[in-house]
Amino acid sequence: MPEMPPLLALRRLHKAFGDKQVLRGLSLEVGRGESVVLIGGSGVGKSVTIKIALGLMRADAGEIVIDGASLAAMSGAERATALARFGMLFQGGALFDSLRVWENVAFRLIYREHVNRRAAKAQAIEALAKVRLGPDVAELYPANLSGGMQKRTALARAILGRPDLIFFDEPTTGLDPITADAINALISSLVRDLGCAALTITHDLASARKIADRVAMIHDGRILWEGRPALLNASGDPFVDQFVHGRADGPIQPNL
Amino acid sequence: MNPLAAIGASTLSIFRLIGAAAIFATRALAAAGSPPFYIDQIGRQMLRIGFFSLPVVGLTAVFIGAALALNIYTGGARFNAEQFVPNIVVLGITRELGPVLAALMLAGRVSAAIAAEIGTMRVTEQIDALKTLSTDPMRFLVAPRVLAAVVTLPLLVIVADILGVMGGFLVSVWSLDFNPSVYLRNTIEFLEAADVGTGLIKAAVFGFLLAVMGCFHGDRSAGGARGVGIAATHAVVSAAVLIFAANYVMTALFVER
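Thresholds, definitions, all that
Residues numbered from 1 in each chain as written. Chains lettered and ligands numbered in written order. Predicted model: local features only at pLDDT ≥ 70, side-chain atom pairs only at ≥ 80, totals over all residues. Heavy atoms only, no water. Helix = DSSP H or I, 4+ residues; strand = E, 2+ residues; numbered from the N terminus. Contact = heavy atoms within 4.5 Å. Lys, Arg positive; Asp, Glu negative; His and termini not counted. Charge placed at Lys NZ, Arg CZ, Asp CG, Glu CD. Rg over C-alpha atoms; globule rule 2.2 N^0.38 Å. Buried < 20%, exposed > 50% of the residue type's maximum accessible area, 1.4 Å probe, protein only. Areas by Shrake-Rupley, 256 points an atom, 1.4 Å probe, with all protein chains shown as cover. Phe/Tyr/Trp six-rings, centres within 6.5 Å; stacked < 30°, edge-to-face > 60°. Lys NZ or Arg CZ within 6 Å of the ring centre and 35° of its normal. Pairing = 2+ DSSP bridges. Axes fitted to C-alpha atoms, helices over the stretch in contact; angles between N-to-C directions. Parallel < 35°, antiparallel > 145°, perpendicular 65-115°, else oblique. Left-handed = near helix turned anticlockwise from the far one by under 90°. Nonpolar A, V, L, I, M, F, W, Y, C, P; charged D, E, K, R; others polar. Salt bridge = Lys/Arg side-chain N within 4 Å of Asp/Glu carboxyl O. Polar contact = N/O pair within 3.5 Å; in protein donor to acceptor, adjacent residues only side chain to side chain. 1 Å grid on protein atoms, 1.4 Å probe; cavity = no way out; pocket = protein on both sides within 12 Å on 5 of 7 lines; lining within 4 Å. Points joined across faces, edges and corners; volume = space filled by probe spheres on them. Right-handed = clockwise from strand over helix to strand, strands pointing away. pLDDT = per-residue confidence, 0-100.

Regarding the overall build of chain B
Logical step 1: Secondary structure assignment for chain B yields nine helices and zero strands.
Logical step 2: For chain B, the sequential pattern of α-helices and β-strands runs α-α-α-α-α-α-α-α-α.
Logical step 3: Here the C-alpha coordinates of chain B stretch approximately 65 × 50 × 35 Å along the principal axes.
Logical step 4: Taking the intrachain contacts of chain B between residues at least 6 apart in sequence as the baseline, contacts between residues at least 24 apart amount to 85%.
Logical step 5: Each charge sign in chain B was given a centre, from 16 positive and 14 negative side chains, and these centres are 10 Å apart.

Given below as structure tokens:
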């Protein structure tokens, strides 16, 4: 029986901004139902990697393969269908200020699938319940929510389309440790319950240990190390060791 | 750096900017003219751009009409042509001042607001979020604003025309001793449909320019709050310059020789 291709494969990605080469042949795979966490210092290209995977940015070279099919070989409509299988939780939530919480969550239903507003609202309230937000917040605007509630609203928006893969960009940044842990637990349970895959980028190693099936460390524009989170402390790699222990001294130069 | 190279680099960057703006305007036009149409967004923008601009456009028109009447009276008195005040006021307001001043007021009020809103959406990743939700920002954000401005600016100009003429009428009757019925008869008899029509065509073009400039500069925002502020300033300045330039071109086309 032929082996199933990975859900997402990034192959030999290169990306430069002016003279600064950010990605130098980065390759990474995410399997079905797998939670992969990408760690690495600031400015090493973690966000650029997921923006390229989501089609928000073009790579200078390399290939994005979804379910065995190269994105570059797809027509515009095929590409849109393939990318619609992905959900995204942005670092700041990226909720639409001018729309109410439920309209944010049901955005795809209202504006893409043309579901009537009453049915869309019911589904939005259901999705909000999954991220432990009550129906009372549905009529509020994003500016009325705390940082943690905004993250949870954005998470509800990301899961409503039942994506096959959700990207999480620094999901715990800017949150207090307790809220951050609650968000980690929520991500783990949602990914498990929905049966979807996850690709998370973070600096937060506690978060990585909690939500990852596999951790990959990016350095100098490529994946330097991959392994189970339990192996992070015993990777045997001086770069990983320095990052995990948060030491300024070592082969990685602080990005000051 | 070689001064010639610096001049060359600046010239190239200006042409790049003009090219980018032209491509953006073409894409905006294509998005505004083809489905899907986000009716609720168009309605919301018509309210913001049109209805909420009524007070500022109306007040501007009244005062400009009044000042215009005084100036024409003063100038006309030098060669005994004071009686032409109603004719010149209505011509000046409908063909020129109504559309241009309404557009300039909207450039300040609307272009800046559009640039700031879209710029904030750009720097807070809301535009990226739209794309991940399978929605084209050009159709969801730009097209409704362009359509709303193109439709509502002519409506605002009709209001500005009426109030501008009223401003001239009030000053002429109260301060310059014009007979009210003679003033109104001269105004109505002198006015031609083409005078109003050309003003409305100008208004639609100005609406397109000021909305596109707001969206274009907002979409190019980078660098946080400062970048959003710069985008708003660039939007107002470029919209105002383009309105004056387009006004000259259209006036030259419409003028009967």
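Remarks on the overall build of chain A
Logical step 1: Helices and strands together make up the secondary structure of chain A, namely nine helices and ten strands.
Logical step 2: Rg of the C-alpha trace for chain A: 19 Å, near the compact-globule value of 18 Å for 256 residues, within the 12% margin.
Logical step 3: Judged by the C-alpha coordinates and their principal axes, chain A covers about 55 × 45 × 45 Å.
Logical step 4: Scored against the burial criterion, the 256 residues of chain A give a buried share of 50%.
Logical step 5: In chain A, 65% of the contacts between residues at least 6 apart in sequence involve partners at least 24 apart.
Logical step 6: When the accessible surface of chain A is split by element, carbon and sulfur atoms take 51% of a total near 11,700 Å².
Logical step 7: Side chains of chain A give 30 positive and 27 negative charges; the mean places of these two sets differ by 4 Å.

Re the packing of aromatic side chains
Logical step 1: Across all of its chains, the model carries twelve aromatic pairs over all chains by this definition.
Logical step 2: Aromatic side chains B:F178 and B:Y183 sit 5.7 Å apart centroid to centroid with 85° between the ring planes, which places their arrangement in the edge-to-face category.
Logical step 3: The exposure class assigned to B:F178 is buried, which follows from its relative accessible area of 15%.
Logical step 4: For B:Y183, a relative accessible area of 0% translates into the label buried.
Logical step 5: A network of ring pairs unites the aromatic residues A:F96, A:F107, A:Y111, B:Y38 and B:F140 as a single cluster.
Logical step 6: Lying over the aromatic face of A:F96, A:R157 brings its terminal NZ or CZ to 4.9 Å of the ring centre.

Quick word on the sheet that holds strand β2 (residues 20-30) of chain A
Logical step 1: The antiparallel open sheet is built from four strands, whose spatial order is β2-β1-β4-β5 (chain A). The open sheet has two edge strands, β2 and β5 (69-70) of chain A, and neither has a second partner.

As for the packing of helix α8 (residues 193-219) of chain B against helix α9 (residues 224-254) of chain B
Residue and element names in this part refer to chain B.
Logical step 1: Here α8 crosses α9 at 155°, and the two axes come no closer than 9 Å. Regarding the angle of α8 to α9, the classification is roughly antiparallel. Considering the relative orientation of α8 and α9, their crossing is right-handed. Residues T198, I201, K202, V205, F206, L209, L210, M213, G214, H217 and G218 of α8 pack against A231, H234, A235, S238, A239, L242, I243, A246, N247, M250, T251 and F254 of α9.
Logical step 2: Its residues assigned to classes, the contact of α8 with α9 shows 14 nonpolar, eight polar and one charged.

Section: the interface of chain A and chain B
Logical step 1: Between chain A and chain B, the residue contacts involve 21 residues of the former and 17 residues of the latter.
Logical step 2: Taken together, the connections running from chain A to chain B amount to two salt bridges.
Logical step 3: For A:K51, the salt bridge goes to B:D128, with nearest N and O atoms at 3.5 Å.
Logical step 4: At the junction of chain A and chain B, the tally comes to eight residue pairs in polar contact (both at pLDDT 80 or more).
Logical step 5: Breaking the side of chain A that touches chain B down by element, the ones donating at least two residues are β6 (86-89) and α4 (107-112) of chain A.
Logical step 6: Looking at which element gives the most residues to the side of chain A that touches chain B, the answer is α4(A), with four residues.
Logical step 7: Its residues assigned to classes, the side of chain A that touches chain B shows twelve nonpolar, two polar and seven charged.

Some remarks on the sheet that holds strand β7 (residues 165-169) of chain A
Residues and elements named next belong to chain A.
Logical step 1: The six strands are arranged β6-β7-β8-β3-β9-β10 in an open sheet whose pairing can be described as mixed. Each having just a single partner strand, β6 and β10 (222-227) make up the two edges of the open sheet. Mean inter-strand twist for the sheet, computed between neighbouring axes without regard to direction, equals 20°.

Describing the layout of surface pockets
Logical step 1: In this structure, the largest pocket encloses a volume near 670 Å³.
Logical step 2: Lining the largest pocket are 22 residues, and of these A:G55, A:R79, A:A80, A:L83 and B:K131 sit closest to its centre.
Logical step 3: Listing elements by their share of the lining of the largest pocket, those giving two or more residues are α2 (76-83) of chain A together with α5 (126-132) and α6 (137-174) of chain B.
Logical step 4: In the lining of the largest pocket, the residues fall into ten nonpolar, five polar and seven charged.

Quick word on the pairing of β7(A)
Residue and element names in this part refer to chain A.
Logical step 1: A large share of β7 lies buried, amounting to five of its five residues.
Logical step 2: As defined by bridge partners, β6 adjoins β7 across four bridges and the pair is classed as parallel. Pairing of M88 across the sheet is with F167, part of β7.
Logical step 3: Across five bridges, the pairing between β7 and strand β8 (residues 197-202) is parallel. Bridging across to β8, I166 finds its partner in A198.
Logical step 4: The parallel pair β7 and β8, bridged by helix α7 (residues 177-194), forms a crossover whose chirality is right-handed.

Section: the pairing of strand β4 (residues 61-66) of chain A
Each regular strand carries side chains that alternate between the two faces of the sheet.
Logical step 1: Where strand β1 (residues 8-17) of chain A meets β4(A), five bridges bridge the pair, whose relative direction is antiparallel. When the sheet's bridge partners are listed, A:L10 is paired in β4(A) with A:I64.

Examining unusual backbone geometry
Logical step 1: Cis rather than trans, the peptide bond between B:P35 and B:P36 has omega equal to 5°.
Logical step 2: Residue placement: B:P36 occurs in the loop between α1 (3-32) and α2 (39-49).
Logical step 3: A positive phi angle, close to 55°, is found at A:H114, a residue other than glycine.
Logical step 4: Here A:H114 lies in the loop between α4 and α5 (117-130).

Focus: the confidence of the model for chain B
Segments scoring low in pLDDT should not have their predicted coordinates read at a detailed level.
Logical step 1: Of all residues in chain B, 99% attain a pLDDT of 70 or more, and the chain-wide mean is 94.
Logical step 2: Across the interface, the model reports ipTM at 0.89; the global pTM reads 0.88.

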